[in-house]
Amino acid sequence: MQFTLSDLWHHMGLFARLIVAVLAIMSSASLLVACERLIVFRKSRRQSMRFIGETSDSLSRGELDAAAATPRDAQGYLGHVIGAGLAAWRKSPRIDADLTFESVARALERASQRELQLMKRGQGVLATVSSTAPFVGLLGTVMGIVNSFQAMAATGSGGLGTVSAGIAEALVTTALGLLVAIPAVMMFNYFQGWIDARAVDMSESSNELLDVVATQLKQAKAPGHASPSPSSRVGMAGRLG
């Protein structure tokens, strides 16, 4: 027996081949999820930067109606959240300042939670693969050792030649389990960090919009009040740069 991948495959039992097939499916699923998430996240970040560029001037001047009416081709995660707040502002009758403020705040919160859930799509697959792949490989290892003992019992000897095939089968499944799990763990941690950072972006941007809303509602009661300082553009765009 040559210890090559093809020879090892031919000498594997049915159970070991099933373990390898399961690990191959798990690896393919995690790679597909990782590639899809990378594409979606890059696109969403690019669209968010474009959204800030299109609305930051209006928001910095406190022109919420103009910002809400601005046509946008792409929004991204920030566009969906801030856009929901602007839509709530535009639909609000503004008879009661407190009700208007709460309406915008609730719209921002709902949109933020919805965006976070969309960002977490596929995280369950990566978490499952990273946590179970080593155990699936270990299951193949146990069965490989069992096959080695069966070969020893059948031949009545315990030489290296008798048990080498079973040991090799066991080590291959262990290695495959680790090779599947390690990239899945790395990608899960990377995506989780990215999502946490974007959650901070959405929270701070929502708070900045609420500051502008509060200022506008205050101006509605006191027409002579000074215009708000242009801080929205610096805050929102600065975190994406």
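Residues numbered from 1 in each chain as written. Predicted model: local features only at pLDDT ≥ 70, side-chain atom pairs only at ≥ 80, totals over all residues. Heavy atoms only, no water.

1. Re the packing of helix α4 (residues 76-91) against helix α5 (residues 97-119)
Contact geometry of α4 with α5 gives a least axis separation of 8 Å together with a crossing angle of 155°. Classified by the angle their axes make, α4 and α5 are roughly antiparallel. Note on packing geometry: the crossing formed by α4 with α5 is right-handed. Between α4 and α5, the contacting residues are Tyr77, His80, Val81, Ile82, Ala84, Gly85, Ala88 and Trp89 on the first element and Thr100, Ser103, Val104, Ala107, Leu108, Ala111, Ser112, Glu115 and Met119 on the second. By residue class, the composition of the contact of α4 with α5 is 11 nonpolar, 5 polar and 1 charged. (Axes fitted to C-alpha atoms, helices over the stretch in contact; angles between N-to-C directions. Helix = DSSP H or I, 4+ residues; strand = E, 2+ residues; numbered from the N terminus. Parallel < 35°, antiparallel > 145°, perpendicular 65-115°, else oblique. Left-handed = near helix turned anticlockwise from the far one by under 90°. Contact = heavy atoms within 4.5 Å. Nonpolar A, V, L, I, M, F, W, Y, C, P; charged D, E, K, R; others polar.)

2. Observations concerning the layout of surface pockets
Considered as a void within the structure, the largest pocket measures approximately 240 Å³ in volume. Counting only elements with at least two residues in the lining of the largest pocket, the list comes to α2 (14-60), α4 and α5. Computed from the structure, the second largest pocket encloses a volume of approximately 170 Å³. Of all elements in the fold, only α5 and α7 (160-221) reach the threshold of two or more residues within the lining of the second largest pocket. (1 Å grid on protein atoms, 1.4 Å probe; cavity = no way out; pocket = protein on both sides within 12 Å on 5 of 7 lines; lining within 4 Å. Points joined across faces, edges and corners; volume = space filled by probe spheres on them.)

3. Describing the packing of α2 against α4
Viewed as axis vectors pointing N to C, α2 and α4 meet at an angle of 40°, and their least axial separation amounts to 6 Å. As judged from the angle between their axes, α2 and α4 are oblique. Between α2 and α4, the residues in contact are Ser44, Arg45, Gln47, Ser48, Phe51, Ile52 and Leu59 and Gly76, Tyr77, Leu78, Gly79, Ile82, Gly83 and Leu86, respectively. In terms of residue class, the contact of α2 with α4 is built from 7 nonpolar, 6 polar and 1 charged.

4. Notes on the packing of aromatic side chains
Tallied over the full model, the rule gives 4 aromatic pairs. Pairing Phe41 with Phe191 gives two aromatic rings, centres 5.6 Å apart and planes at 80°, and the pair type is edge-to-face. A residue pair is termed long-range when its members are at least 10 positions apart, and Phe41 in helix α2 and Phe191 in helix α7 qualify at 150 residues. The exposure classification of Phe41 matches that of Phe191, with both residues buried. When the ring centre of Trp194 is taken as origin, the NZ or CZ atom of Arg198, which lies over that ring, is 4.8 Å away. (Phe/Tyr/Trp six-rings, centres within 6.5 Å; stacked < 30°, edge-to-face > 60°. Buried < 20%, exposed > 50% of the residue type's maximum accessible area, 1.4 Å probe, protein only. Lys NZ or Arg CZ within 6 Å of the ring centre and 35° of its normal.)

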